[in-house]
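Single-letter residue listing:
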Amino acid sequence: MDKYGLMCPVRKANPYRRMAKAMKTSRIADNLLERKFTEYGPRKVLLTDITYIPYNGTFAYLSTILDAYTRQVLSYVLSDSLEVDFVLETVRKLIKSHGVELTKETLIHSDQGCHYTSTSFIQLVNDKELRQSMSRKGNCWDNAPQESFFGHMKDEIDISGCTKYWEVKTKVDDWMDYYNNERYQWQLAKLSPNEYYEYISTGVYPLKGVVNEGKGQLEGPITN
């Protein structure tokens, strides 16, 4: 090869694949949820997952925790790394903001990704006295509302002009605030997720006078 000036490119190992292999354990939780997303009321079923957000030739990584009943985003963390820390931080933020609303019956449901089978995640969930549930391998329908949430988010958020990580974070922060407080949904009594939680908690419908009661419709756009 030296004689003829030949070179053999060597493909470097994917660091994230190596990290995933090191993190992953054989501790797969049972599918306790069994797709019963809305049968138990608020703060009883929490869905979590990670999605990749491509920008400027690289990625940001978003971890969220979604209440399956109210569709509220209870906690989220954006990261520029796939290390397990940002997933653990998502759980810590959940406990800090909503810990008093959770019980020992609360499920936190995920796929079988390496972050959720890692020893650190399992230990954290146990320490916070939450029950862990996992989708069956390769079955996205077992976490369908979470997958749908990411799909709607990527349809609606525009990061095409973002070249810096902080620009992506600003866009994500703004959209999360809009989603929880302003994005009306038919299945939530035509309310935003935060309004719906207040409604089922107090029994007071916040849009009285805005709803056309005769036709049972809102005066304004509604999204799914």
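Structure: above.
Predicted model, so just to flag it, every value in this text is computed and none were measured. (Residues numbered from 1 in each chain as written. Predicted model: local features only at pLDDT ≥ 70, side-chain atom pairs only at ≥ 80, totals over all residues. Heavy atoms only, no water.)

Draft legend 1. Here's a closer look at the packing of aromatic side chains. Going through the model one piece at a time under the given rule, you end up with 11 aromatic pairs. Among the aromatic side chains, those forming a connected cluster through ring pairs are F149, F150, W175, Y178 and Y179. One cation-aromatic arrangement involves R43 over Y197; the distance from NZ or CZ to the ring centre is 3.9 Å. Here the basic side chain of K93 rests over the ring of Y76, its NZ or CZ set 5.3 Å away from the ring centre. (Phe/Tyr/Trp six-rings, centres within 6.5 Å; stacked < 30°, edge-to-face > 60°. Lys NZ or Arg CZ within 6 Å of the ring centre and 35° of its normal.)

Draft legend 2. Examining the sheet that holds strand β4 (residues 107-110) more closely. If you walk across this open sheet you meet the 5 strands as β3-β2-β1-β4-β5, and the pairing is mixed. A single partner strand is all that each edge strand has here, and the edge strands are β3 (73-79) and β5 (131-134). With direction set aside, neighbouring strand axes in the sheet form an average angle of 25 degrees. Two strands pair when backbone bridges link them, and strand β1 (residues 45-55) and strand β2 (residues 58-67) are joined in this way by 10 bridges, in the antiparallel orientation. Note that in β2 the partner of I53 across the bridge is A60. Packed onto the sheet, helix α5 (residues 144-156) meets β1, β2 and β3 and runs at close to 35 degrees relative to β1. (Pairing = 2+ DSSP bridges. Helix = DSSP H or I, 4+ residues; strand = E, 2+ residues; numbered from the N terminus. Axes fitted to C-alpha atoms, helices over the stretch in contact; angles between N-to-C directions. Contact = heavy atoms within 4.5 Å.)

Draft legend 3. Examining the nonpolar core more closely. Among the nonpolar cores identified, the biggest contains 24 residues, and I53, L62, F149, M153, V168, V172 and M176 are the most heavily contacted of them. Listed by contribution, the elements that provide at least two residues to this core are β1, β2, β3, α5 and α6 (165-182). Per element, the largest residue contribution to this core is 5 residues, and it comes from α6. Excluding its chain neighbours within four sequence positions, the residues that come into contact with V168 are I53, Y55, A60, L78 and C162. Among the nonpolar cores identified, the runner-up in size contains 22 residues, and L46, V84, L102 and F121 belong to it. (Core = buried A, V, L, I, M, F, W, Y, C linked by side-chain atoms within 4.5 Å. Buried < 20%, exposed > 50% of the residue type's maximum accessible area, 1.4 Å probe, protein only.)

Draft legend 4. Representation of the pattern of salt bridges within the structure. All told, the structure shown has 8 salt bridges when counted by the stated rule. For the salt bridge of R136 with D142, the shortest nitrogen-to-oxygen distance reads 2.9 Å. With a relative accessible area of 45%, R136 lands in the partly exposed category. Taking the shortest distance from any N to any O, the salt bridge between K169 and D173 comes out at 3.0 Å. In this pair, K169 and D173 are both assigned in helix α6, 4 residues apart and thus about one turn of the helix distant. Given a relative accessible area of 35%, K169 falls into the partly exposed group. Look at D173 and you get partly exposed, because its relative accessible area is 25%. Taken together, the shared-partner salt bridges in this structure form one network comprising R35, R136 and D142. (Salt bridge = Lys/Arg side-chain N within 4 Å of Asp/Glu carboxyl O.)

Draft legend 5. Structural context of the packing of α6 against helix α7 (residues 193-202). As a packed pair, α6 and α7 sit with axes 4 Å apart at the nearest point and diverge in direction by 35 degrees. For the pair α6 and α7, contact is made by Y179, N180 and N181 and by P193, N194 and E195, respectively. Split by residue class, the contact of α6 with α7 holds 2 nonpolar, 3 polar and 1 charged. (Nonpolar A, V, L, I, M, F, W, Y, C, P; charged D, E, K, R; others polar.)

Draft legend 6. Representation of the packing of helix α2 (residues 85-98) against helix α4 (residues 119-127). Between α2 and α4, the shortest axis-to-axis distance is 10 Å and the interhelical angle comes to 10 degrees. One finds that α2 runs roughly parallel with respect to α4. Contact residues: V87, L88, V91 and R92 in α2; S120, F121 and L124 in α4. Across the contact of α2 with α4, the residue classes tally to 5 nonpolar, 1 polar and 1 charged. (Parallel < 35°, antiparallel > 145°, perpendicular 65-115°, else oblique.)

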